Every structure is written in C-alpha cells, then in structure tokens.
Amino acid sequence: MSGTSVHIPLKLLMGFVDEADQRLSILKKLLLQLDITQDCSDGLNAIKRDLSALRDNAAFFGLAHTRKMAIRIERLLKGATDGKYVFSQAHLNLTSSCLEYMRDMLSNIRMGKSECENKDGFQRLLEKLSSAARGEARADAPLWSSVLERLEEIKDALQPKIGKRSMTDAIARELCKSVENVIEDCRRLATSVAASQNS
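What you see is a predicted model; the values in this text were computed from it and never measured.

Cut-offs used in this document
- Residues numbered from 1 in each chain as written.
- Predicted model: local features only at pLDDT ≥ 70, side-chain atom pairs only at ≥ 80, totals over all residues.
- Heavy atoms only, no water.
- Axes fitted to C-alpha atoms, helices over the stretch in contact; angles between N-to-C directions.
- Helix = DSSP H or I, 4+ residues; strand = E, 2+ residues; numbered from the N terminus.
- Parallel < 35°, antiparallel > 145°, perpendicular 65-115°, else oblique.
- Left-handed = near helix turned anticlockwise from the far one by under 90°.
- Contact = heavy atoms within 4.5 Å.
- Nonpolar A, V, L, I, M, F, W, Y, C, P; charged D, E, K, R; others polar.
- Core = buried A, V, L, I, M, F, W, Y, C linked by side-chain atoms within 4.5 Å.
- Buried < 20%, exposed > 50% of the residue type's maximum accessible area, 1.4 Å probe, protein only.
- Salt bridge = Lys/Arg side-chain N within 4 Å of Asp/Glu carboxyl O.
- Expected span 1.5 Å × (residues − 1).
- Arc of directions from axis to C-beta.

(A) Region of the structure containing the packing of helix α3 (residues 64–81) against helix α5 (residues 119–133). Between α3 and α5, whose axes approach to 8 Å, the crossing angle comes to 20°. Relative to α5, α3 is oriented roughly parallel. Where α3 crosses over α5, the handedness of that crossing is left-handed. Residue-level contacts link H65, K68, M69, R72, I73, R75 and L76 of α3 to K119, F122, L125, L126, L129, S130, A132 and A133 of α5. By residue class, the composition of the contact of α3 with α5 is nine nonpolar, two polar and four charged.

(B) Up close: the nonpolar core. Ranked by internal contacts, the top residues of the largest apolar core, which has 43 residues, are L24, L51, M69, I73, F87, L99 and M102. Looking at this core, the elements that each hand over two or more residues are α1 (10–32), α2 (41–60), α3, α4 (89–110) and α5. Looking at this core, the element that brings in the most residues is α4, giving nine residues. The residues contacting F87, other than those within four sequence positions of it, are L31, I36, C40, L44, L77, A80, L92 and T95.

(C) View of the environment of L30. Looking at the element boundaries, L30 is found in helix α1. Separated by 17 residues in sequence, L30 and I47 have C-alpha atoms that sit 7.7 Å apart.

(D) A look at the packing of α3 against α4. Where α3 meets α4, the closest approach of the two axes is 10 Å, and the angle between their N-to-C directions is 165°. Judged on the interaxial angle alone, α4 and α3 are roughly antiparallel. Considering only the axes of α3 and α4, their crossing is left-handed. Within the contact between the two elements, α3 uses H65, T66, M69, A70, I73, L76 and L77 and α4 uses H91, L94, T95, C98, L99, Y101, M102, M105 and L106.

(E) Up close: the pattern of salt bridges. As enumerated under the stated definition, the model contains eight salt bridges in all. Between R103 and D21 there is a salt bridge, with its nearest N and O atoms 2.8 Å apart. Linking R103 in helix α4 with D21 in helix α1, this pair joins segments that are 82 residues apart in sequence. On the basis of relative accessibility, which here comes to 23%, the residue R103 falls in the partly exposed class. Counted as one network, the salt bridges with shared partners bring together D18, D21, R103 and R110.

(F) Fine view of α2. With 20 residues, α2 extends 29 Å from end C-alpha to end C-alpha; this agrees with the ideal 28 Å at 1.5 Å per step. Looking at α2, one finds that the buried residues are S41, L44, I47, K48, L51, L54, R55 and A58. Seen from one end, α2 has its buried residues packed into an arc of 145°, which puts them on one side. Exposed residues lying more than 90 degrees from the buried face of α2 are D42, R49 and F60. Considering only its buried residues, α2 is in contact with α1, α3 and α4. Following α2 by one or two positions, G62 has its phi on the positive side, about 75°.

Fair warning: the whole summary comes from geometry, so function is off the table for now.
Laid out in structure tokens, this is it:
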C-alpha cells in the first residue's frame, strides 16, 4: 500500500494520511482565494512551502505518487514566483485539480487500496503540470509533453551511469549533452508553433 521497503506502523501512516488530507484541503482553499489579477507571489510561496513539507513526509512514508505530484506542482508555482510566467486562471484550475487528485490518492490509502488507482489519469496530470511549468502556451499539448517527458527520463537514466564501468564518462556525458540539446530544441520549436497558432 505504502510502497516502502521498511515497516511503518499502520497507525502512523493513517495519522499522516489524515493530516495531509486536511492540509491539502486548506491549501486548496488558500489557492482559490488568491487574487490572480494582482501579484500573488506571497500566497503561492506559502502554498509551495507547505507542499514541500508534505512532499518530504510523503517520501518518508513511501508514497511515491503523492511525492511526485507535489514536486510537479511546486515547479509550476516556482515558475510563477520566479517571474517566468504570470500565474493564470488555467494554472490555478490545474493546480486545484491536482491538489484534489492528491486527496483522492490519500483516500485510496485510507481505504486500503493502491495509492494510485488510475495511472493514466495521474500521468496526464503530470504531463500538464510539466508543460505548464515550462511556460508553454498550450498546457494540454500531449505530443510535446510526451516527447519532452521521455527525453528527460532518458537524461535522468543516463546520468547515474557516469563513472560506471558499463559506460565511459566521456560517452555518458556526450549522450546527456545531446539529449539536453534536443530538449531545448523541442522547447523552442513548441514555443514557436504555439506562437504561430495564436497569431
């Protein structure tokens, strides 16, 4: 259920699930109270801090899906607070949906089910979060999202091989660099296509 390799008492896990569910409910209310027509960086930072704490605790309990979604939401909020893009109504709606999805996953655990019962729906939300966090004009573009997600997975898989006998450092670094270049090219092309469609 929790997916951990160490034994965690059920009472302790359920305590975290209840606390996290309450926290997510509060965060969703705070999110919906934001005035996105004004600078809402303080509110976004507060939500991000709470998500960071929840993410760390989820990792302790082995809740990989909850942790992963929290990370993606944090990235989306960070992009807005860093000035990469303006936090829009679309961003707010997406964040709200993801917070509710996290509550659903916690409910699954409470009922003794697998943390993530709908892996396809989970993956679609992750792709939308990643696309939105990159500042793309169309957060629902599945092709670009899937291509970039796959490339980033390849890069992440290559990096641990640096220093291993199975692959020389030079080859591993060169492959990582090539993948990074392709990712940047795809992002620029996606932005160009989106701009031409909106013009």
